[in-house]
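A look at the structure
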Amino acid sequence: MALMLSTTIAQAACYADYKAKQDDPLRLHYGVAELRGDCSVGSAESQLRDRLAGNGWQLLNVLGVFDEAGLEERKESAGDFFLRY
Amino acid sequence: MTSSSATEAREIGSRIVVAGIAAIVLILAIAAVLLFINLPDANAFNMRVEQLFVENDNLTSNAEIKLLEILAGSGTAFSDTLASYRFVIFVLLIFATALLVAAVAFLVMLIALNRRMGRIERQGIEVNSLTISRDQKAVYLNDFEFKLTDAAIETLSVLAEARMDDEVLTGAEIEGVISGRNAADCDEAAGATRIKRLRDTLGNQMMSELLVKNIARKGYVLAIDKDVIRMT
């Protein structure tokens, strides 16, 4: 049952919050992004690294993964970077 | 021609000067290198801020992130200031090198000059240059010109050549070289006579130049400072 639940979550919606930076001059941002496929920190890191690098950002770390329930509390902090990449 | 000890002293002195200057340049070059190595990397502040951002999970709100960025920016500005300071310090180091090198050179020159002055004061006359001019029948000692007879010029030339080869001549050898005969066939007394004549003519003129001056149609006077004369 628990296994089924987790797979449905993974299929339904999976989000990760992360921190990224740009050099020269140093710019930082905290953002939330939607993940495809596997819902884990590891897959989030590999996915986000590519996505952010395409936009000129360097991924620093992934704080965690969560579902829709966690979206609302992070929306304000993420600001412009809420579901942007 | 200076005496051999003076030449040696001068050589040792110049070696010390070169070593001293090299040491100064070396020390200041090392200082400059250390200066450039030890100054913090321009990116050090950014890295520290980035570390802070990563390590604290609750530093996520927009305002906090903006603050961190401002912190990094001011750090970068400060490191720019440091870079300009570093350049100023480097220029000052170069000035210091130049001044120290000049100081050492002047110091050694002063010591050498002092020693030479002392020697000149004791010796009375120091021969810095000796030029024999055969066609003018004259010998130039420093700035003094002395007229010599042909025979005296010949004797002086022989002695000068022997001195350049670091040789000592006996009276017979001198006579032999001048007359062109074998030294074994020559009389020691003949050479001695030549030396005596050279000494007399040169000595007389030197005395007249340096000590007893003859002023034309007026008379004779001692060519020395009157303060140095003491009667006991």
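Look up: the structure comes first, before these words.
Residues numbered from 1 in each chain as written. Chains lettered and ligands numbered in written order. Predicted model: local features only at pLDDT ≥ 70, side-chain atom pairs only at ≥ 80, totals over all residues.

All names here are of chain B. Its 23 residues give helix α6 (residues 188-210) an end-to-end C-alpha distance of 32 Å, which sits within 8% of 33 Å, the value for a rise of 1.5 Å per residue. For α6, the set of buried residues is G191, R194, L198 and T201. Looking at the buried residues of α6, the elements they touch are α4 (150-164) and α5 (171-179). (Helix = DSSP H or I, 4+ residues; strand = E, 2+ residues; numbered from the N terminus. Expected span 1.5 Å × (residues − 1). Buried ≥ 20, exposed ≤ 12 C-beta atoms within 10 Å, placed from the backbone. Contact = placed C-beta atoms within 7 Å.)

What follows deals with the sheet that holds strand β3 (residues 58-66) of chain A. Residue and element names in this part refer to chain A. Ordered in space as β2-β1-β3, the three strands form an open sheet in which the pairing is antiparallel. For this open sheet the edge positions go to β2 (27-34) and β3, each flanked by a neighbour on one side alone. This sheet shows a mean twist of 20° between the axes of neighbouring strands, independent of strand direction. Note that strand β1 (residues 15-22) and β3 share seven bridges and pair antiparallel. Counted as the bridge partner of D17 is G64 from β3. (Pairing = 2+ DSSP bridges. Axes fitted to C-alpha atoms, helices over the stretch in contact; angles between N-to-C directions.)

Residues and elements named next belong to chain B. The backbone of D166 shows a phi angle near 55°, a positive value even though the residue is not glycine. The phi dihedral of R217 is positive, around 60°, even though this residue is not glycine. Inspection of the secondary structure assignment puts R217 in the loop between β4 (212-215) and β5 (219-222). Accessibility expressed as a C-beta count within 10 Å gives 5 for R217, which makes it exposed.

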